[in-house]
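What follows is the residue order along each chain.
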Amino acid sequence: MTQRKNPKLHSKKEGKAVPPVESKNGKRTEIGRGAAGGGGDAGGGSKYSMLTWFVVLALLGVWSSVAVVYFDMVDYDSVIARAQEFRVNFSQVLQGKLMAYDTDGDGDFDVEDAKVLLGLKEAKTWKKMSSEKTESVETKTESMVKKSDEPQIVETTEEPKTSEATTEGFESEDVDSDIQAAVPLPPLAEDNFVPDDPRESAHFYDGEEADDIDTTGALVKEPEPQETVVESGQYVTSSKITQEEELIVKSEENRSEGPAEEPKETENGKEPENSAVNQMDKLAETAKKKKPKLLNKFDKTIKAEMDAAEKLRKKGKVEEALKAFESLVQKYPQSPRARYGKAQCEDDLAEKLRSNDLLQRCINTYREAADLPDATKDLLRAAMKRRAERQQFLGRMRSSLVTLQKLVEIFPDDIALKNDLGVAHLLLGDNKGAKKVYEEVLAIAPSDGFAKVHYGFILKSENKIAESIPYLREGLESGEPGTDDGRFYFHLGDALQRIGDDSAYHWYELGHKHGHFASVWQRSLYNVKGLKAQPWWTPKETGYTDLVKMLERNWKTFRDEALAVMDQETGRFVPEEENLREKGEWGQFTLWQQGRKVGNACQGAPKTCALLERFPEATGCKRGQIKFSVMQPGTHVWPHTGPTNCRLRMHLGLVIPKHGCRIRCTNQTREWEEGKVLIFDDSFEHEVWQDANSYRLIFIVDVWHPELTPYQRQTLSPI
């Protein structure tokens, strides 16, 4: 029987029998057991092998990652969705486990229950509350532009603008009184998104163009809104958010519906350390009470579907949200909430695309939502109010008035709606209608500040100066929304000045502190920020020396043509009707208004017009006029300011009595000279006296502020 060999000994022998190997570098090495096994301390060979494998694995990992991303091998959306689903399901399971700790009877375990378990609150007996859930408040959290989309204002920012008016047959008017509009400042919009002419719209109901009012109650154009003037093509919307839609408390959706807990007090009457939490609870509870109920019984059954569509809208996915709500409207045509959501999406999309057609669509859809029989009162109010606002923005003032009248009929005790109705009357130039509305409001709510400032304005427009002052003052002092408007500070100060009360400058100072006026002296409301501001200018400072030289060289030509028009007694000199005079007679004959010739006025002064044609800084000044001005003895013009800081005003003396005619701008008073030009910025307070024995005749030429760029001059709205 052969003897079995020991494998270990055999392997050792085989290992010893391996001959030495000569490496590439000429060194002879023996391959031992460690080397044969690919490990051990066999010198540098094994280290290089480890490094090589490491590099290979790293490269494989990198290219695998690239391949996964490039060939879209993983559906990340589905992974995230599953994770969210797991989280929701896990949350529901956990909520079910914790139901035993529900202390306030609202059907779930929440923060209030935790406070009770931790001893921070006492458990209270509770009644079973209704489990009805109201819809989370719909709002445009965009302003209607998100912060990131707001235009970057570069030094110059334009305040609200006025829309362009036709100048055919335009009576001469110094637009100083344009700033005396009674309505709240219009919202903001870009020049290329202007309201349609209602007569050009296929959807025009019975509306008329929007008109504003001046201090006399005469109709003037309502200012169109504009935010930034130059170098910013960003779009700014004009929408005004209703109070119901402003009440958003994000945490409200997860809060309990149980009764609010009263904060505990310590022996010394102070709240415990968690008083901050209690105050937040109070605020949230208050917001909850005010939150509008937009869902009727049927809408509550499809709340999940509408929440999904609304979530898209709030995330800014307006097109997707609109499709979702349109689908809901087709599926549930009886749902007011679905139709209201569709209107909101059309509203948002109109702003995004700057489309008046879409805006008209949303106006119609708001009406459809409000007309459905089962619409809740809160939804009815929100839809109709928003509809009225959008009608106003499109210039459909009469249609907006009709909408608001219906709202007031449905909600006769709603003071805010009546105040809005009063504004709608003012936008149509219907002072009497507005006055009646505000008298009704003040009879019910005598301390309503919004009604007071507007009623005070109306009294002032009727030249009831002394009567207007307490309403304007008390309305501003109330600090209520809609009262902190530069025009009310302007009117109150102006009224006080006219009765000789120096406290006028206190209100001008307040207006300046609130950001409405550039200074106490410079009180124009339609401004471009950053422009050089000084009351008096020299020709060299303006840069318009050629124009000044031409005016002074040809002053007799201007004088002769003006006198010829006066002698003809054709009525070309129109009396000033802006309530700027304390006494006397003041007439004006206008050649250019808002950068355009006025009718056939130049036929009466052909040489004058021909000389001015080559000076576009004057003839193209859309915020000024070129006109002759005659003032009779005994005339006094109240202290007043022009509407804008975008122009400078040149006065060329034509017929000047030797004594008694003077003009004050801020605290400097000067006199005219025949054949000489005075230049001042009429956005600063100025005042005129004519105490001579004969008439005073001057030629007024407005020019663009020299620091305005060509682009600004082209794009600024007319005034």
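Keep in mind the model is a prediction, meaning the values are calculated, not measured.

Engineer: Whenever I open this one, unusual backbone geometry confuses me. Can you help?
Structural biologist: Note: most peptide bonds trans; most residues except glycine with negative phi. Within the chain, Q594 stands out as a residue other than glycine whose phi angle is a positive 55°. Mapped onto the elements of the fold, Q594 is located in the loop between β8 (586-593) and β9 (596-597).

Engineer: Got a minute to help me understand the packing of helix α10 (residues 318-331) against helix α11 (residues 336-353) in this structure?
Structural biologist: In a packed pair of helices, the relevant descriptors are the angle between the two axes and the axis-to-axis distance. Look at α10 against α11: their axes get within 9 Å of each other, and the N-to-C directions meet at 155°. By the angle between their directions, the pair α10 and α11 is classed as roughly antiparallel. Pair α10 / α11 crosses with left-handed handedness. Where α10 approaches α11, its residues V318, E319, A321, L322, F325, E326, L328 and V329 are matched on the opposing element by R337, A338, R339, G341, K342, C345, E346, D348, L349 and K352.

Engineer: Would you take a moment to explain the packing of aromatic side chains for this structure?
Structural biologist: Given two aromatic rings, one states the distance between the centres and the angle between the planes to describe the pair. According to the stated counting rule, one finds 12 aromatic pairs in the structure shown. Pairing F298 with Y332 gives two aromatic rings, centres 5.6 Å apart and planes at 65°, and the pair type is edge-to-face. One end of the pair, F298, is in helix α8 (residues 297-301); the other, Y332, is in the loop between α10 and α11, and 34 residues separate them in sequence. Residue F298 is classed as partly exposed on the basis of its relative accessible area of 28%. Here Y332 falls in the buried class, since its relative accessible area comes to 13%. Between F573 and F589, the aromatic rings sit 5.7 Å apart at their centres with planes inclined by 50°, giving tilted as the arrangement. In this pair, F573 sits in the loop between α23 (555-568) and β6 (574-575) while F589 sits in strand β8, placing the two residues 16 residues apart along the sequence.

Engineer: Even after reading the chapter, I still don't get the pattern of salt bridges, so can you show me in this structure?
Structural biologist: Side chains that differ in charge, positive against negative, can pair when their charged atoms come close. Counted under the stated rule, the structure contains 35 salt bridges. One salt bridge in this structure joins E305 and K331, with 3.4 Å as the shortest N-O distance. Here E305 is found in helix α9 (residues 303-314), whereas its partner K331 is found in helix α10, with 26 residues between them in sequence. What you see here is one network of salt bridges that share partners, running through D347, E351, K385, R386, E389, R390 and D420.

Engineer: So what exactly am I meant to see when it comes to helix α17 (residues 449-461) here?
Structural biologist: Taking 1.5 Å per residue as the helical rise, α17 with its 13 residues ought to reach 18 Å, and the 18 Å between its terminal C-alpha atoms agrees with that figure. Judged by how many residues are buried, α17 sits mostly within the fold: 13 of 13 residues are covered. Of the residues one or two after α17, N463 is the one with positive phi, at around 65°.

Engineer: Any chance you could explain the confidence of the model for the chain here in plain terms?
Structural biologist: Close reading of the predicted structure is inappropriate where its pLDDT is low. Chain-level statistics for the chain give a pLDDT mean of 75 and a share of 62% at 70 or above. Contacts of residues 1-45 to residues separated by more than four positions or lying in other chains number 13 contacts, the stretch itself having pLDDT below 50. Below pLDDT 50 for its whole length, residues 159-277 participates in 362 contacts with residues either more than four positions away or in separate chains.

Engineer: Would you take a moment to explain the state of the cysteines for this structure?
Structural biologist: Disulfide: a covalent bond connecting the sulfur atoms of a pair of cysteines. For the coordinates displayed, the defined rule picks out 1 disulfide. Between the sulfur of C602 and that of C609 lies a disulfide, 2.1 Å long from S to S. Handedness of the C602-C609 disulfide follows from its S-S torsion of about -85°: it is left-handed. For C602, a relative accessible area of 13% translates into the label buried. We classify C609 as buried; its relative accessible area is 3%. We note that C621 lacks a disulfide partner, and the nearest cysteine sulfur, in C646, lies 8.5 Å from it. Look at C646 and you get buried, because its relative accessible area is 0%.

Engineer: I'm lost on the nonpolar core in this one. Help?
Structural biologist: Soluble globular proteins tend to pack their nonpolar side chains together in the buried interior. In this structure, L328, Y340, Y438, L476 and L492 are the most contacted members of the largest nonpolar core, which totals 78 residues. Excluding residues within four positions of it along the chain, L492 makes contact with I469, L472, R473, L476 and W507. Grouped together as the second largest cluster of nonpolar side chains are 43 residues, C602, M650, V655 and V677 included.

Engineer: Just to check I follow, could you spell out the packing of helix α16 (residues 431-444) against α17 for this structure?
Structural biologist: Running from amino to carboxyl end, α16 crosses α17 at an angle of 140°, the nearest separation of the two axes being 9 Å. If you check the angle between α16 and α17, you find them oblique. Handedness of the crossing formed by α16 with α17: left-handed. For the pair α16 and α17, contact is made by N431, A434, K435, Y438, E439, V441 and L442 and by F450, A451, K452, H454, Y455, I458, L459 and S461, respectively. Its residues placed into classes, the contact of α16 with α17 shows 9 nonpolar, 3 polar and 3 charged.

Engineer: Please explain the sheet that holds strand β16 (residues 686-690) as it appears in this structure.
Structural biologist: Pairing between the strands of a sheet comes from backbone hydrogen bonds, and it takes one of two forms, parallel or antiparallel. Spatially, the 5 strands line up as an open sheet ordered β7-β11-β16-β13-β14, and their pairing is antiparallel. The open sheet has two edge strands, β7 (581-583) and β14 (668-670), and neither has a second partner. Strand after strand, the sheet turns through a mean of 20° between neighbouring axes, direction not considered. Bridge analysis of strand β11 (residues 635-640) against β16 gives 4 bridges, and the strand direction is antiparallel. From the neighbouring strand, H636 faces β16, where its bridge partner is W689.

How each quantity is defined
- Residues numbered from 1 in each chain as written.
- Predicted model: local features only at pLDDT ≥ 70, side-chain atom pairs only at ≥ 80, totals over all residues.
- Heavy atoms only, no water.
- Helix = DSSP H or I, 4+ residues; strand = E, 2+ residues; numbered from the N terminus.
- Axes fitted to C-alpha atoms, helices over the stretch in contact; angles between N-to-C directions.
- Parallel < 35°, antiparallel > 145°, perpendicular 65-115°, else oblique.
- Left-handed = near helix turned anticlockwise from the far one by under 90°.
- Contact = heavy atoms within 4.5 Å.
- Phe/Tyr/Trp six-rings, centres within 6.5 Å; stacked < 30°, edge-to-face > 60°.
- Buried < 20%, exposed > 50% of the residue type's maximum accessible area, 1.4 Å probe, protein only.
- Salt bridge = Lys/Arg side-chain N within 4 Å of Asp/Glu carboxyl O.
- Expected span 1.5 Å × (residues − 1).
- pLDDT = per-residue confidence, 0-100.
- Disulfide = S-S within 2.5 Å.
- Core = buried A, V, L, I, M, F, W, Y, C linked by side-chain atoms within 4.5 Å.
- Nonpolar A, V, L, I, M, F, W, Y, C, P; charged D, E, K, R; others polar.
- Pairing = 2+ DSSP bridges.

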